[in-house]
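The lines below spell out each chain.
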Amino acid sequence: MAHVELSLSDVFVPAARTPTEPGFGNFEQWLTTVSRALEPCLLIDLETKVAAVSTSGCELLCLGTPGELIGLPLLHGGLRLLDFTANRGELTEQEVDKIPPLLALSSGRLARGLLRVQATRADTPDATVDAISTPVLADGVVAGSLTFFSGV
């Protein structure tokens, strides 16, 4: 017959703690995480300005460096999205509103979709990426969106 023994121990408290003082909320925690992430990801605020982007995210999306993008509007900071037609036309304003990072902002829900990103150099092909976005909340209200990307 099996014997199970349970015991109680002290609560483990990690040495490095996330600051909990006022002004350091959920959005700020994601800001720090995204800036240090190895995965391709992006954090935008309510005004669609880039708050943080990982280095690998910049590479995958054919953008410059994270430092060059912070504070710029997502679609005016060098990100050029194309439709999936043979003509490779830029997305219209109605189509842009439906890309996952912006859709997560407006709907307050998860959003997923494929994006075709125009290459910045003529000798490289356009990139197709799978984007999964989630709204980031601050005090129960949408404060931005967090997007993870994967090359297709």
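My aim in this report is to walk through the structure given alongside it, one point at a time.

Criteria and cut-off values
Residues numbered from 1 in each chain as written. Predicted model: local features only at pLDDT ≥ 70, side-chain atom pairs only at ≥ 80, totals over all residues. Heavy atoms only, no water. Helix = DSSP H or I, 4+ residues; strand = E, 2+ residues; numbered from the N terminus. Buried < 20%, exposed > 50% of the residue type's maximum accessible area, 1.4 Å probe, protein only. Contact = heavy atoms within 4.5 Å. Areas by Shrake-Rupley, 256 points an atom, 1.4 Å probe, with all protein chains shown as cover. Salt bridge = Lys/Arg side-chain N within 4 Å of Asp/Glu carboxyl O. Pairing = 2+ DSSP bridges. Polar contact = N/O pair within 3.5 Å; in protein donor to acceptor, adjacent residues only side chain to side chain.

For the rest of this paragraph, the subject is the overall build of the protein chain. Regarding its fold elements, the protein chain presents five helices and six strands. Here the protein chain holds 152 residues, and the buried ones make up 34% of them. Across the protein chain, every contact between residues at least 6 apart in sequence was considered, and the portion connecting residues at least 24 apart equals 43%. When the accessible surface of the protein chain is summed, it comes to about 9900 Å², and 56% of that surface belongs to carbon and sulfur atoms.

Glancing now at the pattern of salt bridges. Summed over all chains, the structure comprises four salt bridges. Where Asp126 meets Arg88, a salt bridge forms, and the shortest distance between an N and an O atom there is 2.6 Å. Taken together, the residues Asp126 in the loop between β4 (111-117) and β5 (127-138) and Arg88 in the loop between β3 (81-82) and α4 (93-96) connect sequence positions 38 residues apart. Residue Arg112 is joined to Asp130 by a salt bridge in which the shortest nitrogen-to-oxygen separation is 2.5 Å. Placement of the pair is Arg112 in strand β4 and Asp130 in strand β5, with a sequence separation of 18 residues. One salt-bridge network, held together by shared partners, links Arg88, Arg116 and Asp126.

Take Ala127: it is sitting in strand β5. Expressed as a C-alpha distance, the spacing of Ala127 and Val152, which sit 25 residues apart in the sequence, is 7.9 Å.

When strand β1 (residues 41-45) meets strand β2 (residues 50-53), the two strands line up antiparallel, connected through three bridges. Paired with Ile44 across the two strands is Val50, which belongs to β2. In textbook terms, the turn of a hairpin is the stretch between consecutive antiparallel strands, and for β1 and β2 this stretch comprises four residues, one of which, Thr48, has a positive phi near 65°.

Turning our eyes to something else, we now look at the environment of Ser54. Note on placement: Ser54 falls in the loop between β2 and α2 (55-60). Overall, Ser54 belongs to the buried group, its relative accessible area being 0%. When the C-alpha positions of Ser54 and Val34 are compared, they lie 5.8 Å apart, and in sequence the two are 20 residues distant. Filtering out sequence-adjacent residues up to four positions away, Ser54 remains in contact with Val34, Ala37, Glu39, Pro40, Cys41 and Pro66. A polar contact of 3.0 Å, which involves the side chain of Ser54, links it to the backbone nitrogen of Cys41.

To continue, consider the side chain of Thr147. One can find Thr147 in strand β6 (residues 141-151). Residue class for Thr147 comes out buried when judged on its relative accessible area of 0%. The contacts of Thr147, once residues within four sequence positions are left out, are Pro40, Cys41, Leu42, Pro101, Ala131, Ile132 and Ser133.

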